[in-house]
Amino acid sequence: MASDTARTAEERQREIVQLARATGAVDVTALAARLGVAKETVRRDLRALEDHGLVRRTHGGAYPVESAAFETTLAFRATSHVPEKRRIAAAAAELLGDAETVFVDEGFTPQLIAEALPRDRTLTVVTASLPVAGALAEAEHTTVLLLGGRVRPGTLATVDHWTTKMLAGFVIDLAYVGANGISREHGLTTPDPAVSEVKTQAVRAARRAVFTGAHNKFGAVSFCRFAEVGALETIVTSTLLPAAEAHRYSLLGPQVIRV
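Let me begin by describing the structure that accompanies this report. Quick caveat, the model's predicted, so the values are computed rather than measured.

Some points on the packing of helix α8 (residues 161-168) against helix α9 (residues 193-205)
Part 1 of the argument: Contact geometry for α8 and α9: axes closest at 9 Å, N-to-C directions at 0°. Looking at the two axes, α8 sits roughly parallel to α9. Contacts from Thr163, Thr164, Leu167 and Ala168 in α8 reach Glu197, Val198, Gln201, Ala202 and Ala205 in α9.
Part 2 of the argument: Residues belonging to the contact of α8 with α9 are distributed by class as follows: five nonpolar, three polar and one charged.

Okay, here's the thing in structure tokens:
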């Protein structure tokens, strides 16, 4: 009987993970109805899945953790936390200062930053992201340098040695970087080693590095570390990240802006 119970729990938890990855989040009440179990059983399942690093619990549910085996697509990111990401992008664009050369990372929030950059001054933007390049290609005063390489279908960004070799030849005034997770213990992380190499090189090439990310990125840890928190000049996130937690990150070096 014990093995049957364990097997049932394993099957149930596998279904929860699959559903979370397919939809972006799961709700305790809806899961209990779907699985035909009590809410407390679902909460136990979510605790077990969180212990294994597969989900992160929220009030009333959970969302999937990105890992070497799972990463959300750009299309999905463009549908989640959009108002929050727009506020973050607008605040990040205001940090441009006197920068003339800018790296803009792959991802939806960096794409929003690209769209928010001023169009009335001369800028050179370096990017591995096809959507970022497309957003800026017709800007009259902006020169876009698209890094060559293999295009990843989920993110529409280039990776591999062609990308990093080209990036290694630049000295960039300001890099806007994203991550799948940021934590005080493990720094900035991403699931794919090839993506990690590009981000590592971007931070290395930049005089200033700014991380932008929604509140749910904080405390999350993915597979490949590409920078320490202390390598950042600024972190831009939203007020959904508690002020006390923002202060803990600021103690590691960067200014933390919540919008």
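This is not the end of the story, as more comes after the structure.
What to know about the packing of helix α5 (residues 82-93) against helix α6 (residues 108-116)
Part 1 of the argument: Interaxial distance between α5 and α6 falls to 8 Å at its minimum, and their mutual angle equals 50°. With respect to α6, the axis of α5 lies oblique. α6 is crossed by α5, and the crossing has right-handed handedness. Residues Val82, Lys85, Arg86, Ile88, Ala89, Ala92 and Ala93 of α5 form the contact with α6, whose own contacting residues are Phe108, Thr109, Leu112, Ile113 and Ala116.

Overview of the side chain of Thr163
Part 1 of the argument: Within the element layout of this structure, Thr163 appears in helix α8.
Part 2 of the argument: Polar contacts involving the side chain of Thr163 include one to the main-chain carbonyl oxygen of Val159, which spans 2.9 Å.
Part 3 of the argument: Thr163 has contacts with Ala128, Leu147, Gly148, Gly149, Thr158 and Val198, leaving out every residue within four places of it along the chain.

A few points about the sheet that holds strand β2 (residues 55-58)
What links the strands of a sheet is backbone hydrogen bonding, and the strands pair in either a parallel or an antiparallel sense.
Part 1 of the argument: Pairing in this open sheet of three strands is antiparallel, and the strands run β1-β3-β2 from one edge to the other. Looking at which strands have only one partner, the edges of the open sheet turn out to be β1 (26-27) and β2.
Part 2 of the argument: Bridge count between β2 and strand β3 (residues 61-64): four bridges; the pairing is antiparallel. Paired with Arg57 across the bridge in β3 is Ala62.
Part 3 of the argument: Packing against the sheet, helix α3 (residues 39-51) makes contact with β1, β2 and β3, and its axis sits at approximately 135° to β2.

So, the nonpolar core
Soluble globular proteins tend to bury their nonpolar side chains together.
Part 1 of the argument: Ranked by size, the top nonpolar core spans 30 residues in total, and within it Phe103, Ile182, Leu188 and Phe211 carry the most contacts.
Part 2 of the argument: Examining the composition of this core, we find that six residues originate from one element, α9, more than from any other.
Part 3 of the argument: Leaving out residues up to four positions away in the same chain, Leu188 has contacts with Val177, Ala179, Gly181, Ile182, Phe211, Cys224, Arg225, Phe226, Ala227, Glu228, Val229 and Leu232.
Part 4 of the argument: The next biggest cluster of nonpolar side chains, apart from the first, holds 25 residues, and it includes Ala91, Ala99, Ala114 and Leu117.

Brief notes about the packing of aromatic side chains
Part 1 of the argument: Under the definition given, this model contains two aromatic pairs.
Part 2 of the argument: Measuring from ring centre to ring centre gives 5.2 Å for Phe218 and Tyr249, while their planes differ by 90°; the resulting arrangement is edge-to-face. Within this pair, whereas Phe218 is found in the loop between β12 (206-212) and β13 (224-227), its partner Tyr249 is found in helix α10 (residues 243-250), the two being separated by 31 residues in sequence. Note on accessibility: Phe218 and Tyr249 belong to one class, buried.
Part 3 of the argument: Through pairs of rings, three or more aromatic residues link up here, namely Phe211, Phe218 and Tyr249.
Part 4 of the argument: Above the plane of the ring of Tyr249 lies Arg184, whose end atom (NZ or CZ) is 5.9 Å from the centre.

Quick notes on a nonpolar patch on the surface
Part 1 of the argument: Together, Leu130, Leu146, Val151 and Leu156 make up an exposed nonpolar region whose accessible area comes to about 290 Å².
Part 2 of the argument: Positionally, Leu156 belongs in the loop between β7 (150-152) and β8 (157-159).
Part 3 of the argument: Judged by relative accessible area, which is 36%, Leu156 ranks as partly exposed.

Overview of the pattern of salt bridges
Part 1 of the argument: Under the definition given, this model contains 15 salt bridges.
Part 2 of the argument: Note that Arg12 is salt-bridged to Asp45, the shortest N-O span being 2.4 Å. Remark: Asp45 occurs in helix α3 and Arg12 occurs in helix α1 (residues 2-23); sequence separation between them is 33 residues. For the residue pair Arg12 and Asp45, the accessibility class agrees, reading buried in each case.
Part 3 of the argument: In this structure, Arg57 and Glu50 form a salt bridge, with 2.8 Å as the shortest nitrogen-oxygen distance.
Part 4 of the argument: In this structure Arg57 comes out as partly exposed when scored by relative accessible area, which is 39%.
Part 5 of the argument: Taken together, the shared-partner salt bridges connect Glu40, Arg43 and Arg47 into one network.

Parameters at a glance
- Residues numbered from 1 in each chain as written.
- Predicted model: local features only at pLDDT ≥ 70, side-chain atom pairs only at ≥ 80, totals over all residues.
- Heavy atoms only, no water.
- Axes fitted to C-alpha atoms, helices over the stretch in contact; angles between N-to-C directions.
- Helix = DSSP H or I, 4+ residues; strand = E, 2+ residues; numbered from the N terminus.
- Parallel < 35°, antiparallel > 145°, perpendicular 65-115°, else oblique.
- Contact = heavy atoms within 4.5 Å.
- Nonpolar A, V, L, I, M, F, W, Y, C, P; charged D, E, K, R; others polar.
- Left-handed = near helix turned anticlockwise from the far one by under 90°.
- Polar contact = N/O pair within 3.5 Å; in protein donor to acceptor, adjacent residues only side chain to side chain.
- Pairing = 2+ DSSP bridges.
- Core = buried A, V, L, I, M, F, W, Y, C linked by side-chain atoms within 4.5 Å.
- Buried < 20%, exposed > 50% of the residue type's maximum accessible area, 1.4 Å probe, protein only.
- Phe/Tyr/Trp six-rings, centres within 6.5 Å; stacked < 30°, edge-to-face > 60°.
- Lys NZ or Arg CZ within 6 Å of the ring centre and 35° of its normal.
- Patch = residues over 30% accessible without salt bridge, like charges linked within 9 Å, V, L, I, M, F, W, Y side chains within 5 Å.
- Areas by Shrake-Rupley, 256 points an atom, 1.4 Å probe, with all protein chains shown as cover.
- Salt bridge = Lys/Arg side-chain N within 4 Å of Asp/Glu carboxyl O.

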